[in-house]
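Understanding the architecture of this molecule
Chain by chain, the residues:
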Amino acid sequence: MEFENILLEQVEAGIYKLTVNRPRSFNALNSATLDEIYAAGEQLANTPDARVLLITGAGEKAFVAGADISEMKDKTAIEGQVFSQKGIRAFRRLETLDIPVIAVVNGYCLGGGCELAMSCDWILASERAQFGQPEVNLGVTPGFGGSQRLPRLIGRAKAMELLVTGRQIKADEALSWGLANHVYAADELMDKALEMARLISQKGPVAVRLAKQAVQRGQDIDLDNACLLESEVFGLCFSTDDQKEGMGAFLEKRPAAFKGR
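Figured I'd write up the structure that's included with this text. (Residues numbered from 1 in each chain as written. Predicted model: local features only at pLDDT ≥ 70, side-chain atom pairs only at ≥ 80, totals over all residues. Heavy atoms only, no water.)

Here we come to the pattern of salt bridges. Overall, the coordinates contain 15 salt bridges when judged by the stated rule. Between Arg 149 and Glu 95 there is a salt bridge; the shortest N-O distance is 2.6 Å. Of this pair, Arg 149 sits in helix α5 (residues 146-154) while Glu 95 sits in helix α3 (residues 77-95), and the two are 54 residues apart along the sequence. In this structure Arg 149 comes out as buried when scored by relative accessible area, which is 13%. (Salt bridge = Lys/Arg side-chain N within 4 Å of Asp/Glu carboxyl O. Helix = DSSP H or I, 4+ residues; strand = E, 2+ residues; numbered from the N terminus. Buried < 20%, exposed > 50% of the residue type's maximum accessible area, 1.4 Å probe, protein only.)

Here it is in structure tokens:
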């Protein structure tokens, strides 16, 4: 499928990269871009060899600086709600992919950009990255899941501080608050992301998918039922060729050759 506002490419075997490609507008998210992000998620969901997805923004200044204000300015209440639902649908499509999805944040990561990054499984940030939910400066609330994902990631109090002050935080603070997993020098960021993606792509693909499902499904249920879920997922692994190969390779002291089945 051809895209106008994003780039979707296979970087290496099993590793894909989605780039929001509107650098002149700091990669702002308009309706067309959100539709393309959703379509890319659908495409990847039907790509059997996909193992990891990296998401980043074109240029050096911004990951995504927010939603497109010029498009939003004159919307009615109903139109605003429809726009919100479009963003939530697109980001949820990425969030529910079976494969790990990593945000590679290379600059401004604000508003809709921060919401996009938070829909990924974790965030790798450049030392120049800045994060925030500054929607209150525009007289609105977050619309793409920010008020819900942010407190789940960093806690209610810190989330409330960012949501109602509109304050931006730099990469080191995002790291200390648990919003970013790692911070790297700007010229090393993508190399570090690829290094991590390669590490993941070498693991048992079925186990990686099931681990993600267990975390996502288990985080919103009580611990007893979550542990039952883990037992089910663990047992399911023993029906796979990958489990036989992985344990056999360990005992034979050789690298495993996983097939993803």
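Time to look at the environment of Glu 4. Relative to the helices and strands, Glu 4 is located in the segment before β1 (6-12). Taking the C-alpha atoms as reference, Glu 4 lies 17 Å from Glu 71; in sequence the two are 67 residues apart.

Let us look at a negative patch on the surface. A cluster of acidic side chains, namely Glu 127, Asp 187, Glu 188, Asp 191 and Glu 195, defines a negative patch on the protein surface. Note on placement: Glu 195 falls in helix α8 (residues 189-201). (Patch = residues over 30% accessible without salt bridge, like charges linked within 9 Å, V, L, I, M, F, W, Y side chains within 5 Å. Areas by Shrake-Rupley, 256 points an atom, 1.4 Å probe, with all protein chains shown as cover. Lys, Arg positive; Asp, Glu negative; His and termini not counted. Charge placed at Lys NZ, Arg CZ, Asp CG, Glu CD.)

The two faces of the sheet receive side chains in turn, since in a regular strand these alternate between them. The element strand β5 (residues 101-105) is largely enclosed, with a buried count of five among its five residues. Side chains Val 101, Ala 103 and Val 105 project from β5 onto one buried face, and the interleaved Ile 102 and Val 104 project onto a second face that is buried too. Of the strand pairs in this sheet, strand β3 (residues 52-57) and β5 are connected by three bridges, and their pairing is parallel. Looking at β5, one finds that Ile 55 is bridged to Ala 103. Pairing of β5 with strand β7 (residues 122-126), which is carried by four bridges, proceeds in the parallel orientation. Each bridged residue has a counterpart across the sheet, and for Val 105 the counterpart in β7 is Ala 125. (Pairing = 2+ DSSP bridges.)

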